[in-house]
Amino acid sequence: IHAICAYGVDLVTLSMWASNPRQYVLFHKARTEGDFSRLMENVSGLVNQAQDDGHTKIKLYHVVCHLNAQGLVDMVNLAKKLSVDYLEFAVIDVVKGKTETLMLTQQDRESLKRQIYHLACEKEYLGHGGVDLVDQIHSDNVNELGGSMR
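Presented here is a report on the structure given in the accompanying data block. All values derive from a computational prediction rather than experimental measurement.

### Observations concerning the packing of aromatic side chains
Counting across every chain of the model gives 2 aromatic pairs. Residues W17 and F27 carry aromatic rings whose centres are separated by 5.2 Å and whose planes lie at 75 degrees to one another, so their mutual orientation is edge-to-face. Note that W17 is positioned in the loop between β1 (11–15) and α2 (21–27) and F27 in helix α2, a separation of 10 residues in sequence. Their ring planes at 55 degrees and their centres at 5.5 Å tell us that Y24 and F36 sit as a pair that is tilted. You can see Y24 sitting in helix α2 and its partner F36 sitting in helix α3 (residues 33–53), a full 12 residues away along the chain. Overall, Y24 belongs to the buried group, its relative accessible area being 9%.

Below is the structure:
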């Protein structure tokens, strides 16, 4: 952890996909829920070191799919709890014949819209951009929440 900051790394992106132990083992079959706790300790240590360093920024990156779509708010709360600098989401890019089971369902998309709306109304989460996000949700132009298949 110290070496990452000591080398002058500007940004460390941590691909999480999960905000709790149950989700974590869904994506990492060989891992246990206890592994998630150790991971959180390591991430917390990295964030603390980066804050002490004052140079390195930490970003959590979540790929949203069918297995974790119900936990968007939890992912945001985890980022707040860990005090990361950035939080980024992407919708799963499904590979035909391999990962179709991860594609968002219509129910997942509706849940994501509700969760995004909830977050947008909470100014503490999204700052001044919350109002713009609420407008986008109401525009029904949120087709990209379906993900794509290649």
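### Section: the sheet that holds β1
Sheet architecture is open: 3 strands sit in the order β1-β2-β3, paired in parallel fashion. Across the chains shown, the open sheet's two edge strands, defined by having one partner strand only, are β1 and β3 (86–91). The mean angle between the axes of side-by-side strands here comes to 25 degrees, regardless of whether they run parallel or antiparallel.

About the cut-offs
- Residues numbered from 1 in each chain as written.
- Predicted model: local features only at pLDDT ≥ 70, side-chain atom pairs only at ≥ 80, totals over all residues.
- Heavy atoms only, no water.
- Phe/Tyr/Trp six-rings, centres within 6.5 Å; stacked < 30°, edge-to-face > 60°.
- Helix = DSSP H or I, 4+ residues; strand = E, 2+ residues; numbered from the N terminus.
- Buried < 20%, exposed > 50% of the residue type's maximum accessible area, 1.4 Å probe, protein only.
- Pairing = 2+ DSSP bridges.
- Axes fitted to C-alpha atoms, helices over the stretch in contact; angles between N-to-C directions.

Spatial relationships are all this shows, so hold off on functional conclusions.
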